[in-house]
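What the coordinates show
Residues per chain, in single letters:
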Amino acid sequence: MTADMDWHLARALLQWQVELGATEAIGDTPVNRLIPTPSDAQPTAPVPATVAPAAAPLPAPLVTVDPVAEARRLAAAAADLPALAAALAGFPHCELRRGARNCVFADGQAQARVMIIGEAPGSQEDRIGKPFVGPAGQLLDRIFAAIGLARDHPDPARALYITNPIPWRPPGNREPAPDELAMMRPFLERHIVLAQPEVLVLVGNTACQAILGERGITRLRGRWHDWQGLPVLPTFHPSNLFRRPENKREVWADMLTLQARLRENPAP
Ligand code: URA
């Protein structure tokens, strides 16, 4: 608070920001995110400052970028996971990156048999730069530990690899919008192809939307689905269990389904 601002004015300004949807103070210095950064620069042709006289040659047409096509191109060009992480971090077209501190790529062991897909980073994930490190992540760890799997397990047969369809925290922890999921899907698909898990576990509706193209976790969970030949098991998101603890029984059943599949097909 500056010397010329009294407590009541400062409080009113803070209240106004809360009403606009601010949930956290992320820095002391304000950042105007509406001012384009160098990474926002598009390969557009220069726009003439004045209207050209009738006889002048027409300006070159503006080049517009299709963000989904660009995501596909960049993701396909990534030969390995570090290259994919770099491509994702440099991808300028998703607005969510402007409000995020970190691009949250993945955690766990990339060689794991089981790859988990969540929703999007929350505030703690955004601060630390890893997926599922907040309360939902701690519950996720406990759920998988119950069948002997852990993200930091040194044996890839018992390890987990974890990512999200969206690598930037959405404002106010809202769900990612369908167009954001569609834009980032090529990166997620390439992520799965490069990690080569044996099984995908989708936690919650957003992961189902991103991979299976449909929502309805209560209907989808507990059964095996297919994504490009890979077995896919949807289950409830751990955040859902904070609101609906009665769903823990279903999640436990899903963990037993996963365990049975891993045992039927032991690691080579
Ligand atoms: N919820 C998610 O879906 N992903 C995270 O990384 C954290 C919470």
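Before reading on, note that the structure itself is shown above.
This section reports on the structure supplied with the text. Just so you know, these numbers come straight off a predicted model, no measurement behind them. Within each chain, residues carry numbers counting from 1 in the order of the written sequence. Only residues with pLDDT of at least 70 are given local features in this predicted model, and only at 80 or more are side-chain atom pairs given and counted; all residues enter the totals for whole chains, interfaces and linings. Side-chain measures here rest on the full set of heavy atoms in the structure, leaving out hydrogens and waters.

The near set for a molecule or strand comprises every residue that places at least one heavy atom within 4 Å of it. Within the structure, the ligand sits among Gly118, Glu119, Ala120, Pro121, Glu125, Pro131, Phe132, Asn164 and His237. Pairing of N or O atoms within 3.5 Å defines a polar contact, subject to two protein rules: one partner must be a possible hydrogen donor and the other a possible acceptor, and residues neighboring in sequence count only if both atoms are side-chain atoms. Contact distances for the ligand include 3.1 Å between a nitrogen atom and a backbone N or O atom of Ala120. Residue-level accessible areas treat just the shown protein chains as cover; the underlying method is Shrake-Rupley with a 1.4 Å probe. Bound to the protein, the ligand loses 92% of the 240 Å² it would expose on its own. When the residues that make up the shell around the ligand are grouped by side-chain class, the tally is four nonpolar, three polar and two charged. By the convention adopted, Pro, Cys, Tyr, Trp, Phe, Met, Ile, Leu, Val and Ala count as nonpolar, Lys, Arg, Asp and Glu as charged, and the other residues, Gly among them, as polar.

Whenever Lys or Arg places a side-chain nitrogen within 4 Å of a carboxyl oxygen from Asp or Glu, that contact is recorded as a salt bridge. Counting across every chain of the model gives ten salt bridges. Here Arg73 ties to Glu70 by a salt bridge, and the two come within 3.0 Å at their closest N and O atoms. With Arg73 and Glu70 both in helix H2 (residues 67-77) and three residues apart, the pair spans about one turn of that helix. Using a 1.4 Å probe on the protein chains alone, a residue whose accessible area is under 20% of its type maximum counts as buried, one over 50% counts as exposed, and one in between counts as partly exposed. The exposure class of Arg73 is partly exposed, given its relative accessible area of 48%. Put simply, DSSP H or I for four residues or longer makes a helix, DSSP E for two residues or longer makes a strand, and each gets a number counted from the N terminus.

Below, the discussion takes up the sheet that holds strand S6 (residues 230-235). Sheet architecture is open: six strands sit in the order S1-S3-S2-S4-S6-S5, paired in mixed fashion. Each edge of the sheet is formed by a strand with only one pairing partner; in this case those strands are strand S1 (107-108) and strand S5 (225-227). Where helix H7 (residues 205-212) meets the sheet, its contacts fall on strand S2 (114-117), strand S4 (199-203), S5 and S6, and the angle it forms with S4 comes to roughly 135 degrees. Should any heavy atoms of two residues lie within 4.5 Å, those residues are counted as being in contact. Each axis is a line fitted through C-alpha atoms, taken for helices only over the stretch in contact, and angles between the N-to-C directions span 0 to 180 degrees. Here helix H10 (residues 248-264) sits on the sheet in contact with S2, S4 and S6, set at roughly 165 degrees to S6. Pairing between strands is defined by DSSP: at least two bridges between them are needed.

Moving on to the environment of Gln259. By secondary structure assignment, the location of Gln259 is in helix H10. Residue Gln259 is classed as buried on the basis of its relative accessible area, which comes to 17%.

Here we come to the pairing of strand S3 (residues 160-163). Put simply, side chains in a regular strand alternate between the two faces of the sheet. Burial of the side chains of S3 extends over both faces: Leu160 and Ile162 are buried on one face and Tyr161 and Thr163 on the other. Of the strand pairs in this sheet, S1 and S3 are connected by two bridges, and their pairing is antiparallel. The residue of S3 that forms the bridge with Asp107 is Ile162.

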